Structure formats: structure tokens, C-alpha cells
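# Structural description and commentary
Spelled out from the first residue to the last, the chains are:
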Amino acid sequence: MSSSQNWSLLQWQEHEATQVALWRADSTMTAPRRIVIADDSLAADSAYRLACEGQAMLWRGDFQNARQLLSALGRRLDKPARETSAKARQRRAGKEDAKPVFPHAFHLHRQALAQRARILSSVMIELDTRWHCALRRAPDWSEACREAWGEIPADQGAHSVIVPLRELLGALGAHEWRKKGVALAVPGMPEFSIHPHYGVFSPVRGEYLDLVAQAPLPAAAQQADAAVWDIGTGTGVLSALLLHRGVRQVVATDLSDRALACAQDNLQRLGLAQRVSLRKADLFPEGRAALVVCNPPWLPGKASSLLEQAVYDEGSRMLRGFVEGLAAHLLPGGEGWLILSDLAEHLQLRSREELLGWINAAGLQVLGREDIRPRHGKAADSTDPLHAARAAELTSLWRLAPR
């Protein structure tokens, strides 16, 4: 069970008695304070009103009807956003130079996403201690739940667990991704697949892999006994990529037990596990290396979910820690590869001057920088609230070395 997971007791009134169950949530979610019992007779408009008022709905009807209700809530959330966008376009008619003001527009966007997540998490499902659901037409997703959340603790005095339906569907989605894997096509290499686990960010932004595949390896890293490190390994994809490039051995670190288990699984699938040493560490292991690669979260900010921990780096802690500690962990002739998007700069969350200042203060120099444009769909989606920033985004591989 992940240390980021909280288990607490949840109480509600049903059948004129106090009921008790475990509440399962990620570290940033809190247990609902007001619970109503809901079933197939609940209309979508009424459910939406309850959710907006802060009421959580414990579902006692048909399971598939609960899924339909969740979809209906999503449509009601999307409708005001579409209307607002239409009105905004009308106001901007003839004003093509009108642009969102960052970072204010970004913070409003995050607030809207948080509100959406809260409302969609208001539909809750009760499962037994084997992760089975007793509702009509409920599928058996116990394997997906067990992969995502482990075993339910037996020492809490409860005989069931309450899970937001939205999270239950997320666990199923992660289970399917884990089974099927994500096929990756990197220039100059055979196609391979990475199987992300629940709570571990999938390498869907493939352009940064192209950068790692094409950047010139430092001579020191091409030696037979060269030490090469992958900091914050996640799925293990960069370790696999470096090995495919001819690196003999990699030390891969991560603070997340989920990530380390995911990396181990992927490296075993690829037949590379014997060439990677996985270690639980905050950034660097002990010693020095000829090449140190790090792909930290790209945006400064507080994560609100497990997956967001791969996107948001509060106070740029990991980025700054990597830059500040790099020189002390490089062998003579060694390099550090920092993989970073400049989206934070376009959102005005961090400036290029700040980044260069941290690099300079750490006694580092920039040997070179390789840039690539993003290929994901949002970069071309003009309806995205962050489109102005995404359209200008570059992902870079910074080659760093001590001065």
C-alpha cells in the first residue's frame, strides 16, 4: 500500500442507524462530511444540485446507471464552460490580439479543474473488503482495485470501503493501460512498450524521448564501466532508452514505491532488469556519475493527485535540487541532462532568468540545448484555456556541466 494513501473511518445514517466504512483516498482528498443515499430514482439535475451544495451521494441503485449519472454530471459541468467560451469569443470579435493574462488565467483554470473533480467525486460506491461491489450489473474490478490500492486493512473495524466512482473508473483505466502498454516509436530504435502503473505518469509526451535518443552521449558515459544515473525514473522509460543507446549500466532512483515497482516491471518485460539498479532516494544516490539524466515535473505548483506529482513541483523543489546538487555528483568530463518544458515560462509561473540564475549559482555551464515542439493534441486545440501558452511551448534537453 502506498504511503500517499489515507484510510479513515466514514460514518453516515442509513436505515435509522449509524453505518461505518473505510474511506479510501489519495493524500489530497478529504472524506465527505455530508452523505445522502441515492438510487435510480435520482434525476441528474437533482444530483448536480446536491453535488454543487457539497453533498456526497452513496449509490444504492444499478451500477451502470451510476456511470450514466456521472456522465450526465460531466455534461452539466461542460455546458457552462462552452457557453462562457462562446460569450468570450463574441466579446473578442474583431480583437484578434486579445490574449489570456497569465498567470491569473492559469490559476483560474486549475480552480475550475479542482471544482470539476470535487463534483464528479460526489458519486460514491461501496465495496467489500475484497474490492467486490454488490450493486446490480456491477462488474468485478477487484483486480484493478488491488493493483491500484493494495489490500484493504483489516484492523480498522469496518467491513467495507467507500470509493468515489470517478476514482474507481480511474483504477480500471490504469489497469487497462498496464495490461496493454504504451507503444513508443523513438528514432533510431526498435519499437518498445512501457506499461504504466496506477499513479505513475505515462510517457505520453513522446517528444522528450526523441531528445534523449538523439543528444550526443558524453565520452565519459561511453566507457564500459561508466556510471549513468536516471533521477526520478517513474516508469523506467529513460533507463530503457539509455540502455538501448549503448549505456552498459544505469542506477535509477525515485522516492515513490509505486514508481520503483513500475520501473522494475517494465525493465523486466524488456529484459533489462539486470542492467539497472533501482534505489529509493530523494534525487541523487551516493557517488558520482558520467551522465545524470533528470526529467522533473515541469510546472511549479502543488499537486492535487498522485498523477499530478509528475506535473507539479511545489516551489520547483526537484528542479532546484537537481541543479544545485549536480556538480557535486558528476565525474570529470561528465554531463547532466535536464529535460524541461518552457510551458511554465509562457504561463509566467517561472522565468527563464530564474532558471539560468539557478544554473549559474550552482557553478554550472550550459554546453548545449536541444529543443523540440510538442506533438500532443492540446498544442493545436484553440479551445483550450491555456492554448496561447501551449502553442508557444518548447521542450528542451539542457546539457549541463561544471564550470
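Note that this is a predicted model, so its numbers are computed, not measured.

The full count for this structure, using the stated rule, is 22 salt bridges. R269 is the salt-bridge partner of D265, the closest N and O atoms lying 3.3 Å from each other. One end of the pair, D265, and the other, R269, are both in helix α8 (residues 257-269), four residues apart, so they sit about a helical turn from each other. Take D265: its relative accessible area is 17%, and that puts it in the buried class.

Here we come to the packing of aromatic side chains. Evaluation of the coordinates by the stated rule reveals eight aromatic pairs. Ring centres of W7 and W131 lie 6.2 Å apart, and the angle between their planes is 45°; on these two criteria the pair is classed as tilted. With a gap of 124 residues between them, W7 in strand β1 (residues 5-14) and W131 in the loop between β5 (123-128) and α4 (142-149) connect regions that are remote in the sequence. As far as burial versus exposure is concerned, W7 and W131 are alike and both buried.

Two elements in contact, α4 and helix α5 (residues 165-180), have axes whose closest approach is 8 Å; the angle formed by their N-to-C orientations is 90°. Judged on the interaxial angle alone, α5 and α4 are roughly perpendicular. Taking contact as the criterion, the partners of E143, A144, C145, E147, A148 and W149 in α4 are, on α5, E167, L168, A171, L172, H175 and R178. Here the residues of the contact of α4 with α5 sort into seven nonpolar, one polar and four charged.

Before going further, it helps to spend a moment on the environment of Q309. Take Q309: it is sitting in the loop between β12 (289-294) and α9 (317-326). In the structure, Q309 is positioned 108 residues away from F201 in sequence and 8.5 Å away in space, judged by C-alpha atoms. Beyond its immediate stretch of four places on either side in the chain, Q309 contacts P297 and A303.

A word on the domain arrangement of the protein chain. When the domains of the protein chain are assigned, the result is domain 1 (7-81 + 103-177) and domain 2 (181-402). For domain 1 versus domain 2, the separation of C-alpha centres amounts to 34 Å. Taken together, the contacts link 16 residues of domain 1 with 21 residues of domain 2. Taken over both partners, the interface formed by domain 1 and domain 2 buries close to 1,400 Å², and the fraction arising from carbon and sulfur atoms is 57%. The largest share of the area that domain 1 buries against domain 2 comes from F106, R110 and W177, three residues that together contribute 45% of it. At the junction of domain 1 with domain 2, the criterion picks out one salt bridge. Close ionic contact of E308 with R110 constitutes a salt bridge, the shortest N to O distance being 2.7 Å. Summed over the shared surface of domain 1 and domain 2, the number is six residue pairs in polar contact (both at pLDDT 80 or more). Secondary structure elements with two or more residues in the side of domain 1 that touches domain 2: β2 (17-26), α3 (104-120), α4 and α5. Per-element accounting of the side of domain 1 that touches domain 2 gives the leading share, six residues, to α5. Here the side of domain 1 that touches domain 2 is composed, by residue class, of seven nonpolar, four polar and five charged.

The next thing to look at is the side chain of T253. Following the sequence through the fold, T253 ends up in strand β10 (residues 250-254). Residue T253 is classed as buried on the basis of its relative accessible area, which comes to 0%. Excluding anything up to four places from it in sequence, T253 contacts D230, I231, G232, T233, R279, A281, L283 and P285.

What follows is about the environment of G325. You can see G325 is positioned in helix α9. Separated by 38 residues in the primary sequence, G325 and G363 have C-alpha atoms spaced 9.9 Å apart.

Listed as buried for helix α11 (residues 352-361) are L355, W358 and I359. Projected onto a plane normal to the axis of α11, the buried residues spread over an arc of 100° and lie on a single side. For α11, exposure combined with an orientation more than 90 degrees from the buried face picks out E353 and A361. Considering only its buried residues, α11 is in contact with α9, β13 (330-341), α10 (343-346), β14 (364-372) and β15 (395-402). Phi turns positive one or two residues past the end of α11, at G363, with a value near 75°.

Conventions used here
Sequence positions are assigned chain by chain, starting from 1 and proceeding in written order. Only residues with pLDDT of 70 or above have their local features reported here, since the model is predicted, and side-chain atom pairs are shown and tallied only from 80 upward, although totals for entire chains, interfaces and linings are computed over all residues. To obtain the side-chain values, all non-hydrogen atoms of the structure were used and water was disregarded. Throughout this description, the term salt bridge denotes a Lys or Arg side-chain nitrogen within 4 Å of a carboxyl oxygen of Asp or Glu. Strands are runs of DSSP state E lasting at least two residues, helices are runs of H or I lasting at least four, and both sets are numbered from the N terminus onward. In this scheme, a residue with accessible area under 20% of its type's maximum is buried, one over 50% is exposed, and one in between is partly exposed, where area comes from a 1.4 Å probe on protein chains only. Centres within 6.5 Å are what make two rings of Phe, Tyr or Trp a pair, Trp counting through its six-membered ring; a difference in plane orientation under 30 degrees is then read as stacked, over 60 as edge-to-face, and the rest as tilted. To obtain an axis, a line is fitted to C-alpha atoms, over the contacting stretch when the element is a helix, and the angle between two such axes runs from 0 to 180 degrees between their N-to-C directions. Under this scheme an angle from 65 to 115 degrees is roughly perpendicular, one under 35 degrees roughly parallel, and one over 145 degrees roughly antiparallel; angles in between are oblique. Contacts were defined at the residue level, with two residues in contact if any of their heavy atoms lie within 4.5 Å. Residues are grouped as follows: Ala, Val, Leu, Ile, Met, Phe, Trp, Tyr, Cys and Pro are nonpolar; Asp, Glu, Lys and Arg are charged; every other residue, Gly included, is polar. Those domain boundaries reflect an automatic or database domain assignment. Reported buried area values correspond to the accessible surface (1.4 Å probe) lost by two parts on association, with both partners' losses combined. Whenever a nitrogen or oxygen atom comes within 3.5 Å of another N or O atom, the pair is scored as a polar contact, on the condition that within protein one atom can donate a hydrogen and the other can accept it, and that pairs from neighbouring residues in sequence are kept only if both atoms are in side chains. Each C-beta atom gives one direction from the helix axis, and the arc is the one those directions make.

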